[in-house]
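# Summary of the model geometry
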Amino acid sequence: MKKLFLIVACIPLFTGVRAENGYDLWMRYHRIERASLRTDSKRCIEGVTVHGGTATARIIAHELTTGVNGLLGTAVTPADRIGDNFIVAGTPVSMPAMPSSVKDKLQHTGGEGFVIESSTMQGKHVTVIAGNTDVAVLYGTFHYLRLLQTARSIRRLAIVSVPRIDIRILNHWDNVNRHVERGYAGQSIWDWHRLPGYIDRRYVDYARACASVGINATVLTNVNSNALVMTAPYLEKVAELANVLRPYGIRVFLTARFSAPIEIGGLKTADPLDTLVQQWWRTKADEIYSHVPDFGGFLVKANSEGQPGPQNYGRNHAEGANMLADAVSPHGGIVMWRAFVYSNETPEDRVKQAYSEFKPLDGVFRKNVMLQVKNGPLDFQPREPFSPLFGAMPKTPLAMEFQITQEYLGQATNLVYLAPMYKEVLDADTHAKGNRSTVASVIDGSLEGHERSAMAGVSNIGSDINWTGHLFGQANWYAFGRLAWDHALSPETIADEWLKQTFTDDATFLTKAKHIMMASRDAAVRYMTPMGLHHIMGTGHHYGPAPWVNDAGRADWNPVYYHKADAQGLGFNRSSTGSDALAQYAPGVRARFEILSSCPEEYLLWFHHVPWGYTMKNGAAMWDELCARYYSGVDSVRSMRQQWAALRPYVDEERFEHVTMLLAVQEQEAVWWRDACLLYFQTFSKMPIPVRYEQPDRTLEYYRSLKFPYAPGN
Ligand code: GCW
C-alpha cells in the first residue's frame with residue numbers, strides 16, 4: 001500500500017504537469033498559467049448571459065461557462081440579466097437590445113459569420129458575441145475561447161469573421177463494420193451496432209471539436225460504400241447521429257452506392273436514365289429526408305477502383321451525378337461527385353485520366369452538383385503538383401479534397417504537420433485567368449463567382465483515446481478546419497494556436513515545438529519521396545517503401561510504373577516528349593515545369609526522366625543529390641527527436657512519452673525508407689552512396705523480404 005502511494009505521488013513530481021491522455025484535444029480549458037493575464041481577463045468576464053432557448057444556445061452557455069471557469073478559475077454561472085463586464089451572446093432576434101454597431105456588421109456576415117465586440121449595452125460594459133444564427137454565435141463563442149486559450153488579451157475586441165468556404169466537411173472512410181479504410185487510430189467512432197439507442201459521449205465531443213474549428217458537415221460513411229446504410233434500420237441510426245450533431249451546426253451526408261437500386265431496391269438495373277431507377281432514388285431521398293430533414297446530400301465515388309457507376313450502363317459521370325442531384329434537389333440537397341477516377345483498361349498516364357474524363361463535362365452538371373477533386377492528380381502523395389482540374393472547369397463548382405489521415409505520409413507513426421502541404425496547394429497559381437488565379441480562389445468560388453464552395457478532409461479520427469493515433473495528428477484535424485474557414489491563415493499561426501491550446505503558451509516551448517511541426521512535412525518528403533518521386537509505398541497498405549513492386553493487380557498500382565528507374569535515369573517524363581500530362585495545365589504552369597533545366601527541383605522526377613549523372617542546380621549529380629536528400633530527411637527526424645527531448649519540462653509525462661516513442665519509431669522508419677530506396681535505385685544508377693554518409697546496414701534483400709499482412713487501414 002505504502003509503495004503504491006509512493007509511485008502515485010511521484011508521477012506529478014516528474015514534470016510538474018498533470019497527466020493527460022489527449023482525449024480533450026485542443027479544448028482542455030486548463031487554468032491560464034500567467035497570473036497577470038488571468039487577472040486581466042477576469043476583469044472582463046464577471047458574468048455570462050446567453051440569449052435564446054434553443055439547444056445551440058444551451059450549448060453556448062455551457063461551453064462558455066465551462067471554458068471561462070476552467071481557464072480563469074472562476075465559478076461563473078449563466079445569468080438572465082446583463083451586468084458590467086458581462087459576455088453577452090445572441091442573435092439580433094434573441095437579443096433585440098444588441099448594439100447597433102454590431103447589428104450593422106451582421107449585415108455582412110451571412111448565416112455563419114460572427115462579430116465579437118467590446119461595447120456597451122443597456123448602459124453596461126460588455127463583450128458581445130453575435131451572429132445571425134445560433135450556430136454563428138457558437139462559432140463566435142469558440143473563437144472567444146480560443147482567444148483566451150491562446151493567451152490573447154480580450155480587453156478591447158472588434159472582430160468580424162466570415163468563413164471563406166461554405167461547406168467544410170469531413171469525409172469518414174468508415175465502414176459500417178467499424179473498420180476504417182486508411183484509418184490508423186482504432187475503429188470507427190460510429191458505433192452502428194448500439195445505435196440508435198446508445199449515444200456515445202464521443203459523438204458530442206466530436207461535434208464540439210468540429211464546431212470549434214468551424215467544420216459544419218460530415219460524411220459518415222466510406223466512399224467505397226455499402227448500400228446497407230440507406231436501409232430503414234440504418235437510417236434510424238443516421239437520424240440519431242444527425243440529432244446529436246445538428247445543434248453544433250453539423251449537417252450529415254452519406255455516401256451513395258450507385259448500385260443500391262439493385263442491391264437494396266430489388267431493381268434489375270441502376271442505369272441513371274431508367275425511369276424506375278430515377279423514381280427509386282427520389283423515393284429513397286424522400287425517405288432519408290423524413291429521418292434527417294437537413295440531410296446534406298450524397299458523396300459518390302463511381303466507376304473507380306471497382307465501385308459501380310453510370311459507366312456500367314454506358315452513361316457518363318454527369319448523367320449519373322445529375323440523376324442523384326434531381327433526387328435530392330427538392331429537399332435542398334447536393335451531390336458531391338468525386339473526380340478520383342481512373343481505369344485499368346486505359347493505357348493513358350494515370351495522372352491525366354481525371355481531367356480527360358471530367359473536363360469535357362464542364363457545364364453539364366446540375367446546379368446542385370459539386371465535383372470533388374483531390375489536391376493532386378494522383379493520390380495524396382507527400383508532394384504533388386495541384387490537380388490540373390483546378391482552373392480547367394470554370395462552369396462547375398469544384399470542391400477540394402484533402403486527406404487528413406496520413407495514408408502516404410507516415411500514417412499514425414510519423415509526426416507530419418500537414419498545414420504547409422495544404423497551403424502549398426491552396427496558394428498554387430493555376431494561371432486560369434491570368435496570374436494569381438490560385439487554387440484557393442477556384443475552390444472558394446471567387447474566381448468564377450460560384451455560389452457554393454466546399455473543402456473536404458478525409459478524416460483521421462478513430463476510437464483511440466487521443467482520437468487520431470498520433471497526438472500530433474490532432475493538429476491536422478485542427479488545421480484542416482481552420483484553413484477551411486480561412487485559407488489565408490498561415491500554417492505557423494495555426495500551429496501556434498494548436499500548440500498553445502494543446503500544451504502551453506510558454507515561449508520557449510512554442511518556438512521549439514513549432515519548429516518541429518513546421519519542418520516535419522518537408523522532412524517526410526525528403527526521407528520518403530524527394531524531388532518529385534511518388535507512389536513508391538508498399539502496395540496495398542502503403543506502409544513503408546517498396547519501390548521494387550511490379551506485380552500488383554494493375555499496372556498503375558505498381559511503384560515501378562511511377563518511378564521508371566532504368567539504366568539511364570529516374571522519373572516519369574510528363575513533358576511534351578513524354579506523356580504530356582503538362583498539356584492539361586495552363587501555359588503559365590506548363591512553362592514552369594516543361595523544361596528540365598528550369599523545372600523546380602522538388603517536382604523534377606514528377607515531370608521528367610532524369611539521367612543519373614544530370615547536374616542539379618547546386619552542381620551535384622542527380623544521384624548524389626538524391627542521396628543527399630534522403631540523408632537529410634533522416635537528419636531532420638533526428639533533430640526533431642532532439643528538439644522534442646528538450647521539451648520534457650513543458651509536457652506531462654503521458655503525452656511526452658507518447659510522442660517520444662513515436663519519434664523514435666519515425667526515425668527507424670525514415671532510415672528504412674532511405675536505405676531501402678537508395679539500395680534499390682542503386683541497382684540502376686550503379687553509383688555509390690557517398691562515403692561521407694553512414695552506409696546502410698541491411699541488404700536490399702532484407703528490405704524486400706519485409707511483409708506487413710496486418711498493417712492497419714488496409
Ligand atoms: O488513396 C486511395 C486509397 C483508397 C481510397 C481511394 C479513394 C477509399 O488507397 O483506400 O478508397 O484512394 O480515394 O477513393
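In what follows, the accompanying structure is described.

Conventions used here
Residues numbered from 1 in each chain as written. Predicted model: local features only at pLDDT ≥ 70, side-chain atom pairs only at ≥ 80, totals over all residues. Heavy atoms only, no water. Helix = DSSP H or I, 4+ residues; strand = E, 2+ residues; numbered from the N terminus. Rg over C-alpha atoms; globule rule 2.2 N^0.38 Å. Buried < 20%, exposed > 50% of the residue type's maximum accessible area, 1.4 Å probe, protein only. Contact = heavy atoms within 4.5 Å. Salt bridge = Lys/Arg side-chain N within 4 Å of Asp/Glu carboxyl O. Core = buried A, V, L, I, M, F, W, Y, C linked by side-chain atoms within 4.5 Å. Near = heavy atom within 4 Å. Polar contact = N/O pair within 3.5 Å; in protein donor to acceptor, adjacent residues only side chain to side chain. Areas by Shrake-Rupley, 256 points an atom, 1.4 Å probe, with all protein chains shown as cover. Nonpolar A, V, L, I, M, F, W, Y, C, P; charged D, E, K, R; others polar. Pairing = 2+ DSSP bridges. Disulfide = S-S within 2.5 Å. Right-handed = clockwise from strand over helix to strand, strands pointing away.

## Describing the overall build of the chain
- Across its full length, the chain carries 22 helices and 15 strands.
- Here the C-alpha radius of gyration of the chain, 26 Å, is about what a compact globule of 714 residues would show, namely 27 Å.
- By principal-axis analysis of the C-alpha atoms, the chain measures approximately 80 × 70 × 60 Å.
- In the chain, which comprises 714 residues, the proportion classed as buried is 62%.
- Relative to all contacts within the chain whose residues are 6 or more apart in sequence, the contacts with residues 24 or more apart total 72%.

## Some words on the pattern of salt bridges
- By the definition in use, this model includes 43 salt bridges.
- Residues E112 and R168 are paired through a salt bridge, measuring 2.9 Å at the closest nitrogen-oxygen approach. Here R168 lies in strand β6 (residues 167–171) and E112 lies in the loop between α4 (100–106) and β3 (114–121), a separation of 56 residues in the sequence. Here the two residues E112 and R168 agree in accessibility, since each one is buried.
- Residue D556 is joined to R554 by a salt bridge in which the shortest nitrogen-to-oxygen separation is 3.1 Å. We note that D556, like R554, is buried.
- Each of R638, R641, E667, R674, D675 and E694 takes part in salt bridges that share partners, so that together they form one network.

## Considering the nonpolar core
- W281, W337, W477, L626 and F681 are the most contacted members of the largest nonpolar core, which has 234 residues in total.
- Per element, the largest residue contribution to this core is 13 residues, and it comes from helix α21 (residues 653–685).
- In this view, F681 contacts L533, I536, P547, H563, A565, L570, W612, W623, L626 and Y630; residues no more than four positions away in its chain are not counted.
- Core analysis: the second largest hydrophobic core is formed by twelve residues, M98, V115, V126 and V128 among them.

## Overview of the site of the ligand
- Residues in close proximity to the ligand total 15 residues, the closest being E181, K301, R338, K374 and E407.
- Interatomic distance of 2.7 Å between a side-chain N/O atom of R338 and an oxygen atom of the ligand.
- One nitrogen or oxygen atom from the side chain of D379 is found 2.7 Å from an oxygen atom belonging to the ligand.
- Protein burial of the ligand: of its 340 Å² of free accessible surface, 97% is covered by the chains.
- Partitioning the shell around the ligand into residue classes produces four nonpolar, three polar and eight charged.

## Focus on the pairing of strand β5 (residues 158–161)
- Covered by surrounding structure in β5 are I159 and S161 only, the residues A158 and V160 on the alternate face being uncovered.
- Bridge count between β3 and β5: four bridges; the pairing is antiparallel. Bridge assignment links I116 to a residue of β5, and that residue is I159.

## Observations concerning the state of the cysteines
- As enumerated under the stated definition, the model contains zero disulfides in all.
- In this model C599 remains outside any disulfide bridge; the closest cysteine sulfur is found in C627, 20 Å from its own.
- Lacking any disulfide linkage, C677 is separated from the closest cysteine sulfur, that of C627, by 11 Å.

## Observations regarding the pairing of strand β10 (residues 334–338)
- Counting buried positions along β10 gives five out of five residues, so the element sits mostly inside the fold.
- Because side chains alternate across β10, one face comprises the buried residues I334, M336 and R338, and the other comprises V335 and W337, equally buried.
- Relative to β10, strand β9 (residues 297–300) runs parallel, the two being bridged by four bridges. Bridging from a neighbouring strand, V300 pairs with W337 of β10.
- Read as a crossover between parallel neighbours, the route from β9 over helix α10 (residues 317–328) to β10 is right-handed.
- With four bridges connecting them, β10 and strand β11 (residues 369–374) associate as parallel partners. When the bridges of β11 are listed, W337 appears paired with L371.

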